[in-house]
Amino acid sequence: MPTVLIAPEAFLDKPEAPYARTLTDAGFDIRYPKNPTFTRGLGPEEETIAELQDCVAIIAGGEYFTPRVLDACPKLRVIARAGVGFDRVNVPAATERKIAVTITPTSNHEAVAELMLALLLGVTKSVALNDRTMRTGAWIQKLTAPIRGRTVGLIGLGRIGKSTAVRCAALGMRVIAHEQFPDREFVAKHNIPLVELDELLTQSDFVSLHCPLNDATRGMCNAAFFAKMKPGSVLINTARGGLVVEDDLIPALKSGHLSGAGLDVFQQEPLPPTSPLLQLDNVVLCPHLGGTDTRSSEDMGIECAHNIVKLSRNEWPEGAVVNADLRASWKW
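Structural notes, computed from the coordinates. (Residues numbered from 1 in each chain as written. Predicted model: local features only at pLDDT ≥ 70, side-chain atom pairs only at ≥ 80, totals over all residues. Heavy atoms only, no water.)

1. With respect to the pairing of strand S10 (residues 258–263)
S10 sits mainly inside the fold: five of its six residues count as buried. Sheet analysis places strand S9 (residues 233–237) next to S10, joined by five bridges and oriented parallel. Residue pairing across strands places Ser233 opposite Leu258, the latter belonging to S10. As paired strands, S10 and strand S11 (residues 283–285) are joined by three bridges and run parallel to one another. Within S11, the residue paired with Ala261 across the bridge is Val283. (Buried < 20%, exposed > 50% of the residue type's maximum accessible area, 1.4 Å probe, protein only. Helix = DSSP H or I, 4+ residues; strand = E, 2+ residues; numbered from the N terminus. Pairing = 2+ DSSP bridges.)

2. Topic: the environment of Leu285
Looking at the secondary structure, you find Leu285 in strand S11. The class of Leu285 is partly exposed, set by a relative accessible area of 28%. Spatially, the C-alpha atoms of Leu285 and Cys55 are 36 Å apart, while their sequence positions differ by 230 residues. Those residues in contact with Leu285, other than ones at most four positions away along the chain, are Leu263, Phe266, Leu271, Leu277 and Leu278. (Contact = heavy atoms within 4.5 Å.)

3. Quick look at the nonpolar core
By size, the foremost hydrophobic cluster in this structure holds 29 residues, and its most contacted members are Val207, Leu209, Phe225, Phe226, Leu235 and Leu249. Those elements that place two or more of their residues in this core are helix H9 (197–203), strand S8 (206–209), helix H10 (223–228), helix H11 (246–255) and S10. Top contributing element to this core by residue count: H11, with four residues. (Core = buried A, V, L, I, M, F, W, Y, C linked by side-chain atoms within 4.5 Å.)

4. Observations concerning the packing of aromatic side chains
Two descriptors summarise a pair of aromatic rings, namely the distance from one centre to the other and the angle between the planes of the rings. Counted under the stated rule, the structure contains four aromatic pairs. With 4.8 Å between their ring centres and 35° between their planes, Phe11 and Tyr19 make a pair best called tilted. Of the residues examined, Phe11 reaches a relative accessible area of 2% and is grouped as buried. Overall, Tyr19 belongs to the buried group, its relative accessible area being 3%. For the ring pair Trp316 and Trp330, a centre distance of 6.5 Å and an interplane angle of 65° mean the geometry is edge-to-face. Taken together, the residues Trp316 in the segment after helix H12 (294–312) and Trp330 in the segment after H12 connect sequence positions 14 residues apart. (Phe/Tyr/Trp six-rings, centres within 6.5 Å; stacked < 30°, edge-to-face > 60°.)

5. A closer look at the sheet that holds strand S1 (residues 3–6)
Taken together, five strands build an open sheet; the order of strands is S2-S1-S3-S4-S5 and the sheet is parallel. The open sheet has two edge strands, strand S2 (29–31) and strand S5 (100–102), and neither has a second partner. Each neighbouring strand pair of the sheet contributes to a mean axis angle of 20°, computed without reference to strand direction. Here four bridges tie S1 to strand S3 (residues 55–60), and the two strands are oriented parallel to one another. Residue pairing in the sheet places Leu5 in a bridge with Ile58 of S3. (Axes fitted to C-alpha atoms, helices over the stretch in contact; angles between N-to-C directions.)

6. Focus on the sheet that holds S10
Pairing within the open sheet is parallel, and its six strands lie in the order S7-S6-S8-S9-S10-S11. Across the chains shown, the open sheet's two edge strands, defined by having one partner strand only, are strand S7 (174–178) and S11. Neighbour-to-neighbour, the strand axes of this sheet turn through a mean angle of 15°, independent of strand direction. When S8 meets S9, the two strands line up parallel, connected through four bridges. Considered in S9, the bridge of Ser208 is made with Ile236.

7. What about helix H7 (residues 159–170)?
Counted at 1.5 Å a residue, the expected span for H7 with its twelve residues is 16 Å, and the 17 Å between its end C-alpha atoms agrees. For H7, the complete set of buried residues consists of Ile160, Gly161, Ser163, Thr164, Ala165 and Cys168. Looking at the buried positions of H7, the neighbouring elements they touch are helix H5 (109–124), strand S6 (151–155), S7 and helix H8 (184–189). Where H7 ends, the next residue or the one after it, Gly172, has phi of about 85°, a positive value. (Expected span 1.5 Å × (residues − 1).)

Here is the structure:
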């Protein structure tokens with residue numbers, strides 16, 4: 001039987017889960033990685049190659065798929081990413097080797113939007129700091145800031161950005177956005193002004209990142225970016241850690257130019273215990289949980305499994321394949 005490796009930690013050793021049953025019902029054998037943290041992508045290429053030997057597909061998390069890895073896994077036909085980011089997959093190399101790279105565009109956008117709000121409220125209402133100080137026996141009643149009537153600027157207005165926009169508006173916030181390829185019908189319906197990046201930074205009390213990580217966006221949030229942000233504003237990042245230059249963010253937070261940050265993603269993951277971010281009271285941190293609550297996690301697994309099964313039957317999963325150039329010539 002053809003073998004599929006299921007790698008994300010939340011998916012491990014659940015043979016009765018819907019995504020696992022979808023694969024086994026379609027005639028696939030399921031394998032799990034020997035190392036339960038394999039999906040974090042911290043190991044050498046040799047580990048990835050060993051885990052993928054004889055696999056035709058993988059439900060993937062944060063593994064790195066380099067040309068060397070792909071060359072060493074000649075049976076691999078599908079890399080099904082659980083999520084919408086694919087910056088750790090060398091897509092041109094996969095395309096050259098006729099390997100389809102898929103994502104789960106309909107599964108986790110609402111979970112990310114919910115965590116964005118949790119981080120925004122966590123920073124603005126000092127939730128984590130108040131919890132820590134109360135546990136020491138202190139009772140410090142310091143006024144917190146409101147969010148109603150304030151402006152949130154969304155950099156990126158795809159599925160996640162849209163989900164975030166409607167939730168922020170429901171809480172009484174003014175929403176503006178910077179998006180290269182906007183959905184005009186959506187922005188008109190929800191009365192969202194589209195602005196240039198510099199205008200967004202100067203107007204926004206909260207700047208939330210919802211754009212992909214690529215050569216154009218890597219390190220975009222640098223010292224110049226932070227200098228343009230409104231004094232006392234807050235940065236929220238639930239997208240990709242590589243968008244932010246942490247060495248530039250830290251002094252902006254220490255100086256008070258930014259009043260806070262809510263971060264779910266980091267340049268290095270897991271976040272090193274020596275990171276200065278861990279020492280800042282105006283920062284709320286999460287360990288890259290944005291897209292994976294209990295509901296979205298299962299939904300992503302199901303969507304990944306359906307993508308693999310469809311492609312194995314030479315059917316095309318609309319909107320899910322990153323390297324769509326393969327469509328005309330696709331054969332399992």
